[in-house]
Amino acid sequence: MPMETYRLEVREIETDGIDVDVYGADDVIEESTRVAYEDHNLEPPASRDEEPSYTEEITADVTTLDLQYERDGGGFEFRLLGDRDELTRVRIDDEEWNLN
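Counting from 1, residues in each chain are numbered in the order their sequence is written. For this predicted model, a pLDDT threshold of at least 70 governs which residues receive local features, and a threshold of 80 or more governs which side-chain atom pairs are given and counted, while totals over whole chains, interfaces and linings are taken from all residues. To obtain the side-chain values, all non-hydrogen atoms of the structure were used and water was disregarded.

Caption draft 1: Representation of the packing of aromatic side chains. Two rings from Phe, Tyr or Trp (for Trp, the six-membered ring) form a pair when their centres are within 6.5 Å of each other. A pair whose planes differ by under 30 degrees is stacked, one over 60 is edge-to-face, and the rest are tilted. As enumerated under the stated definition, the model contains three aromatic pairs in all. An aromatic cluster of three or more residues is present, and its members are Tyr69, Phe76 and Phe78. Sitting above the plane of the tyrosine 23 ring, arginine 7 keeps its charged end 4.5 Å from the centroid. The ring of phenylalanine 76 has arginine 71 lying over it, and the distance from NZ or CZ to the ring centre is 4.7 Å. Cation placement over rings: the criterion is NZ of Lys or CZ of Arg within 6 Å of the ring centroid and within 35° of the ring normal.

Put into structure tokens, the structure is as follows:
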């Protein structure tokens, strides 16, 4: 399998939650997950000038992708696995995104 470049995008969606998508080279979503703030008893600020986001490119030679997340007391941690090996890890802190 040849090396392929993936783009991981983490972004807030309309103050309802966080969307995480992994795009392949042809901009097709390969993996996706959504975290609803209400599922974790969180509320974003009442207003924002701009929704926070994070983007990262990863190049890997893998046959399977798996996007996972977990919540700890102060934020979310998203992990992208390729063939069960960690390709990248992104932490979103409540403080950084102004979540209450």
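Caption draft 2: Representation of the pairing of strand E6 (residues 75-82). Any residue under 20% of the maximum accessible area for its type is buried, any over 50% is exposed, and the rest in between are partly exposed; the area is computed with a 1.4 Å probe on protein chains only. Runs of E in the DSSP output that reach at least two residues are strands. Runs of H or I that reach at least four are helices, and both are numbered from the N terminus. Most of E6 is tucked away, with seven of its eight residues classed as buried. As judged from the eight bridges shared by strand E5 (residues 65-72) and E6, these two strands associate in the antiparallel manner. The partner of aspartate 66 across the bridge, within E6, is leucine 81. Here, any two strands with at least 2 DSSP bridges between them count as paired. As consecutive antiparallel partners, E5 and E6 are separated by two residues. By the bridge criterion, eight bridges tie E6 to strand E7 (residues 85-93) in an arrangement that is antiparallel. What sits directly across from glycine 75, in E7, is aspartate 93. A loop of two residues connects E6 with E7, the two strands running antiparallel in sequence, and aspartate 83 in this loop sits at a positive phi of about 50 degrees.

Caption draft 3: Molecular detail of unusual backbone geometry. A positive phi is found at arginine 84, a non-glycine position, where the angle reads about 70 degrees. Within the element layout of this structure, arginine 84 appears in the loop between E6 and E7. Look at arginine 84 and you get exposed, because its relative accessible area is 79%. Phi is positive for asparagine 98, close to 55 degrees, though the residue is something other than glycine. Counting through the fold element by element, asparagine 98 comes out in the segment after E7. By relative accessible area, which is 44% here, asparagine 98 ends up partly exposed.

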